[in-house]
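This is what each chain is made of:
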Amino acid sequence: MGFLKRRKLPAGRRPQLGEDERVVAWAGATGDNVVVATNHGLWLPGAPERLGWHEIHKATWSGRQLQVVAAREVPVGDDAYAVMEDLPPIVVTLLDPDRVPEQVRVRVNKSIAHTSHHPLEELTGARGGVRVVGRRVPGVNGLRWTVRYDDGVDTSAPGVAEHTRELVDWAKSGVGTVA
């Protein structure tokens, strides 16, 4: 009877994990670094803290390089949702990827409970729209609601904030209590 042998992350490479956080995969990277995937997020080389799965907007795997685009919150003062914008891509060359690319794909996708795109042209006169997203956050009950405006949308135009809030409320009512 054969057993699958699980690779063990060397103790000196293990990040300071949070409560109820566990390593699900790890990979050696260039510069004697490691990338560590946990049930809560992704630890990247040189990063002082974990990047939560819900904070990753986009991730791609080229077969050698993992590219992660995280998002940060733009202050707008609305507590019904957070407006997000992309940070510059982080690219890490994985020397021994193991299951890290698969875990990133599965866990980022699993964090998304709702996503919908809505045109805003009738309000702004400019092309573009807004994406409304409800995401699961490890250790948090319920969903975190975010919006991401397309390039060219004037978020200060009359009616944009109000219409966005209506779209988020609509999305919340359709999702119900899914968490």
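Below you will find a few notes about this structure. What you see as residue numbers is a count from 1 along each chain, following the sequence as written. Confidence filtering applies because this is a predicted model: local features only for residues at pLDDT of at least 70, side-chain atom pairs given and counted only at 80 or more, and all residues used for totals across whole chains, interfaces and linings. Note that water and hydrogens are dropped before the side-chain values are worked out from all heavy atoms of the structure.

Here, a strand pair is defined by DSSP locating no fewer than two bridges between the strands. A run of DSSP states H or I qualifies as a helix once it reaches four residues; a run of E qualifies as a strand once it reaches two. Both are numbered from the N-terminal end. Where strand 5 (residues 56-61) and strand 6 (residues 65-74) come together, five bridges link them in antiparallel fashion. Paired with Thr-60 across the strands is Gln-67, a residue of strand 6. The turn linking strand 5 back onto strand 6 is made up of three residues, and Gly-63 within it adopts a positive phi angle of 105°.

Turning next to the environment of Arg-148. Tracing the backbone through its elements, the reader meets Arg-148 in strand 11 (residues 143-149). The exposure class assigned to Arg-148 is buried, which follows from its relative accessible area of 19%. For the pair Arg-148 and Met-84, spaced 64 residues apart in sequence, the C-alpha separation works out to 5.3 Å. If we skip the residues at most four places from it in the chain, Arg-148 touches His-57, Ala-71, Met-84, Glu-85, Asp-86, Gly-129, Val-130 and Arg-131. In protein, a polar contact requires one atom able to donate a hydrogen and another able to accept it; more generally it is a pair of N or O atoms within 3.5 Å, and residues adjacent in sequence count only if both atoms are side-chain atoms. At 2.6 Å, the side chain of Arg-148 and the side chain of Asp-86 are in polar contact. Under the scheme applied here, a residue whose accessible area is under 20% of the maximum for its type counts as buried, over 50% as exposed, and between as partly exposed, the area being computed with a 1.4 Å probe on protein chains only. By definition, residues are in contact when any of their heavy atoms lie within 4.5 Å.

Most often, soluble globular proteins keep nonpolar side chains buried together rather than apart. Formed by 19 residues in total, the largest nonpolar core has its most connected members in Val-35, Leu-42, Leu-94 and Val-100. When contributions to this core are tallied by element, the ones reaching two or more residues are strand 1 (23-29), strand 2 (33-38), strand 6, strand 8 (90-96) and helix 1 (100-111). Ranked by residue count, the leading element in this core is strand 1, at four residues. Ignoring anything within four residues of it in the chain, the contact list for Val-35 reads Ala-25, Trp-26, Ala-27, Ala-29, Leu-42, Trp-43, Leu-44, Pro-45, Val-92, Leu-94 and Val-100. Definition used in this section: a nonpolar core is a set of buried Ala, Val, Leu, Ile, Met, Phe, Trp, Tyr and Cys residues joined via side-chain atoms within 4.5 Å. Counting residues in each nonpolar core, the second largest holds 16 residues, with Val-83, Leu-143, Ala-157 and Ala-171 among its members.

So, about the environment of Gly-28. Tracing the sequence through the fold places Gly-28 in strand 1. A residue is classified by how much of its surface remains accessible, and Gly-28, at 17% relative accessible area, is buried. Here Gly-28 is in contact with Asn-33, Val-34, Thr-93, Leu-94, Leu-95 and Asp-96, once residues within four sequence places are set aside.

Two elements, strand 1 and strand 8, share two bridges in a ladder whose sense is antiparallel. The residue of strand 8 that forms the bridge with Ala-29 is Leu-94. Where strand 6 meets strand 8, four bridges bridge the pair, whose relative direction is antiparallel. The residue of strand 8 that forms the bridge with Gln-65 is Thr-93.

Take the side chain of His-40 next. The topology assignment puts His-40 in the loop between strand 2 and strand 3 (41-43). A distance of 3.5 Å separates a polar atom in the side chain of His-40 from a polar atom in the side chain of Asn-39. Residues in contact with His-40, not counting those within four places in the same chain, are Glu-19, Asp-20, Glu-21, Arg-50, Gly-52, Trp-53 and Pro-138.

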